[in-house]
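Architecture at a glance
One letter stands for each residue in the lines below.
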Amino acid sequence: MRVLESWVSGPLSRFLDESAARLVLLMTSSGQVVAQHGFTRSVDVMSAAALGAGIMASTGELAHLMGSPRFGALVHQGTEQGLMLSGFETPRGRWIGLVAFGPESSVGIVQLFFQQFTDEIAAAAPPEEPRGPVLAENFEHELNASLRALFGR
Amino acid sequence: MSGADHALRRVSAVRGVRGAMLVSAPDGLVISESSMEDVDGRAIAALAASLAGRLRRAAASAGLGRPTVIQLRGETGTLLAVPAGDELLVVAVGDRETNLGLARLELLEAARGIA
Amino acid sequence: MSLVNFTAREITCKIVYYGPGRSGKTTNLQYVFGRVPETRRGRMVSLATHGDRTLFFDFLPIELGSISGFTTRFQLYTVPGQSYYNATRKLVLQGADGVVFVADSQARRFDDNIESLQNLQENLLEQGVDVRQMPIVFQYNKQDLPRDLVLAREDLDDALNFRGVESFPADALHGSGVFETLKGISELVLRKLAVGGPAA
């Protein structure tokens, strides 16, 4: 399990224990990864987050166009594995959860404990601290070296 | 009213039964429910389906065949679940005063009618 | 908005390649994908139609390396250029940290560039973002075409680059200007995160 901020760990651990989910990915509505469990490559996590956020954004707009309230959750039930995608409000803005589960769990179990998880997250979120400067002032040198290495120049 | 709704109402009518529902066994989702008073049907459906799945594996390991009735007695009441085929589960929740014998009969009858 | 993980010392920024249809946004990402070692990039996700036009977005995550002690990742997105895809363009633009505006240098596409830039401003404004606060660079693509078909960088700067930000002539198909453009936007986006740096 990897989390961006430590207060997410407790609720996420409990959700994993109770739901027996295989993979969990939490992201912001613009597709930035907040926490994940079960993925091996960080770049795959980002692709999954981009696609998950894209699906939620487009179904949200679709619901809006059709005059419906926003979808609570989307579930894709495969033969080996099911996927649930669900948006929820947090004090840090709207987040999206992507959960993959196998036959050892079920849609009902995942949805039940995901609801508890989102309640816990909403209660646990500390107020966001204003962000100060992050990078050193003279970061350009390292950026140039990184980009040169990346492009083999 | 569908056959399932009618069967669930018969289960709910048994003395002490607080509610009955038809649950999708692989998903743990409520398909239909009858008078679920003061109980979280969604949670019971998810957990009862999970319990039934595990008990099915336990029963098979012990050479007992498939479970036909699952009865869980708590301090203040009882949960009964009867599989209806592979995909469905009929579930009832009752208090301490529940006529369990009759409730089981009605559940079995409901499961036969639905499966 | 960029995410900063102080515990793991990681930064993730979202860069969106914007511009009119067929200006070469996807080509930019394809070139980056082809040049960057596999260990430093993810799969390129393309949600395209059968005609290879971008339907929703292309997505490519890359790892820049360590900058000021932070492992720095960029998520590169493209938007569909055709005007009727505005709903999906707005969705992709959400939470962008920087924009690369890929203009088509061909004289006959002049109006399309203007229209797309206006559309970018409108869509940002709708999300409460002032385009003047958004890190942006311009790329004038297809400069390899015969001189009589394309506009010069100065003419394109006059028409599009009213903020006087960095602009890069490019031939994205063969990679010319792609690296420089990415470097330009990277600096602007990261400068926002740097000590005492101006907003953009």
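Residues numbered from 1 in each chain as written. Chains lettered and ligands numbered in written order. Predicted model: local features only at pLDDT ≥ 70, side-chain atom pairs only at ≥ 80, totals over all residues.

Quick word on the overall build of chain C
Keep this limit in mind: Put simply, DSSP H or I for four residues or longer makes a helix, DSSP E for two residues or longer makes a strand, and each gets a number counted from the N terminus. Just to be clear, the radius of gyration here is over C-alpha atoms, and the globule rule we use is 2.2 Å times residues to the power 0.38. Whether a residue is buried, exposed or partly exposed follows from its count of other C-beta atoms within 10 Å of its own C-beta, namely 20 or more, 12 or fewer, or something in between, respectively; the C-beta atoms are built from the backbone. Once C-beta atoms are placed from the backbone, any two residues with those atoms within 7 Å are in contact.
Along the backbone of chain C there are 5 helices and 8 strands. Listed N to C, the secondary structure of chain C is β-β-α-β-β-β-α-β-α-β-α-β-α in terms of helices and strands. In terms of overall size, chain C behaves like a compact globule, its C-alpha atoms giving a radius of gyration of 16 Å where 200 residues would be expected to give roughly 16 Å. For chain C, the spread of C-alpha atoms along the three principal axes comes to 55 × 35 × 30 Å. Considering chain C as a whole, with its 200 residues, one finds that 53% of them fall into the buried category. Of the contacts made within chain C by residues no fewer than 6 positions apart, 68% connect residues no fewer than 24 positions apart.

Regarding the overall build of chain B
Helix and strand content of chain B: 3 helices and 5 strands. When the helices and strands of chain B are listed from N to C terminus, the series reads α-β-β-α-β-β-β-α. For a compact globule of 115 residues, the expected C-alpha radius of gyration is about 13 Å, and chain B comes in at 13 Å, within 12% of that figure. Burial status across chain B gives 34% buried among its 115 residues.

Section: the interface of chain A and chain C
Quick reminder of the rule: Each residue is assigned to one of three groups, with Ala, Val, Leu, Ile, Met, Phe, Trp, Tyr, Cys and Pro labelled nonpolar, Asp, Glu, Lys and Arg labelled charged, and all others, Gly among them, labelled polar.
At the interface, 32 residues of chain A touch 40 residues of chain C. The dominant element in the side of chain A that touches chain C, judged by the number of residues it contributes, is helix α2 (residues 42–65) of chain A, at 10 residues. When grouped by side-chain class, the residues that make up the side of chain A that touches chain C number 17 nonpolar, 10 polar and 5 charged.

Brief notes about the sheet that holds strand β6 (residues 93–101) of chain A
Residues and elements named next belong to chain A. Applicable threshold: When DSSP finds two or more bridges between two strands, those strands count as paired.
Strand order in the open sheet made by the 6 strands is β1-β3-β2-β6-β5-β4, with antiparallel pairing throughout. Taken across any chain shown, the strands that pair with only one partner, and hence form the sheet edges, are β1 (2–3) and β4 (73–77). As paired strands, strand β2 (residues 23–28) and β6 are joined by 6 bridges and run antiparallel to one another. Residue pairing across strands places L26 opposite G97, the latter belonging to β6.

Considering the packing of helix α1 (residues 9–19) of chain A against helix α3 (residues 107–124) of chain A
Residues and elements named next belong to chain A. Under the convention used in this document: Each axis is a line fitted through C-alpha atoms, and for a helix only the stretch in contact is used; angles between axes span 0 to 180 degrees, taken between their N-to-C directions. Orientation categories follow fixed angle ranges, with anything under 35 degrees roughly parallel, anything over 145 roughly antiparallel, 65 to 115 roughly perpendicular, and all other angles oblique.
Where α1 meets α3, the axes come as close as 9 Å, and the angle between the chain directions of the two elements is 170 degrees. Comparing their axes, α3 and α1 come out roughly antiparallel. Seen from α1, the contacting residues are G10, P11, F15, E18 and S19; seen from α3, they are I109, V110, F113, F114, F117, E120, I121 and A124. Classifying every residue of the contact of α1 with α3 by side-chain character gives 9 nonpolar, 2 polar and 2 charged.

Focus: the sheet that holds strand β5 (residues 88–95) of chain B
Residues and elements named next belong to chain B. The strand order β2-β1-β5-β4-β3 describes an open sheet built from 5 strands, whose pairing is antiparallel. Strand pairing shows two members of the sheet lacking a second neighbour, β2 (29–34) and β3 (70–73), which therefore form its edges. Looking at each pair of strands side by side, their axes are set apart by 20 degrees on average, direction ignored. By the bridge criterion, 4 bridges tie β3 to strand β4 (residues 77–84) in an arrangement that is antiparallel. Bridge pairing in β4 links I70 to A81. Set on the sheet, helix α1 (residues 3–12) makes contact with β1 (17–24), β2 and β5; between it and β1 the angle comes to about 150 degrees.

Observations regarding the interface of chain A and chain B
Facing the 5 residues of chain A at the interface are 10 residues of chain B. Class assignment for the residues of the side of chain A that touches chain B results in 3 nonpolar, 2 polar and no charged.

A look at helix α3 (residues 110–126) of chain C
In an α-helix there are 3.6 residues to a turn, and that puts residues three or four apart on one side. Residues and elements named next belong to chain C. For the record, the criterion: Under the convention used throughout, the expected extent of a helix is 1.5 Å for every residue step, that is, one less than its residue count. An arc is given here, and it is the one of the directions from the helix axis to the C-beta atoms.
For α3, spanning 17 residues, the distance from its first C-alpha to its last is 25 Å, which sits close to the expected 24 Å at 1.5 Å a residue. Buried residues of α3: D112, N113, S116, L117, L120, N123 and L124, and no others. Burial along α3 is one-sided: seen end-on, the buried residues are contained in an arc of 135 degrees. In α3, the exposed positions that point more than 90 degrees away from the buried face belong to D111, Q118, E122, L125 and E126. Next to the buried residues of α3 lie β2 (10–18), α2 (86–93), β6 (98–104) and α4 (153–160). Remark: G128 follows α3 within two positions and exhibits a positive phi of approximately 75 degrees.

Some details on the confidence of the model for chain C
How we decide: Every residue carries a pLDDT, the predictor's confidence in it, which falls somewhere between 0 and 100.
Summing up the model confidence of chain C, the mean pLDDT is 91 and the portion of residues at 70 or higher is 96%. In this model, residues 196–200 of chain C is a region of pLDDT below 50 whose contacts with residues beyond four sequence positions or in other chains number 13 contacts.

Re α2(C)
Buried residues of α2(C): C:T88, C:R89, C:L91, C:V92 and C:L93, and no others. Once α2(C) finishes, C:G95 follows within two positions and takes phi at roughly 70 degrees, a positive value.

Structural notes on the environment of A:E129
By the secondary structure assignment, A:E129 is in the loop between α3 and α4 (140–151). On the basis of neighbour counts, which here come to 6 C-beta atoms within 10 Å, the residue A:E129 falls in the exposed class.

Examining the environment of A:I55
All names here are of chain A. Mapped onto the elements, I55 comes out in helix α2. A residue is classified by how many C-beta atoms lie within 10 Å of it, and I55, with 17 of them, is partly exposed. Taking the C-alpha atoms as reference points, I55 and L74, separated by 19 residues in sequence, lie 9.3 Å from one another.

Section: the environment of B:G41
Residue and element names in this part refer to chain B. By the secondary structure assignment, G41 is in helix α2 (residues 41–61). Under the C-beta neighbour-count criterion, G41 is labelled partly exposed, with 17 such atoms within 10 Å. Taking the C-alpha atoms as reference points, G41 and A25, separated by 16 residues in sequence, lie 14 Å from one another. When neighbours within four sequence positions are excluded, G41 is seen to be in contact with G19, M21, V30, E33 and M36.

With respect to the pairing of β6(A)
Residues and elements named next belong to chain A. Within β6, 7 of the 9 residues are buried, leaving the element largely enclosed by the surrounding structure. The sheet contact formed by strand β5 (residues 82–90) and β6 spans 9 bridges and is antiparallel. Looking at the pairing, L83 lines up with A100 of β6. Counting the residues that bridge the hairpin from β5 to β6 gives 2 residues.

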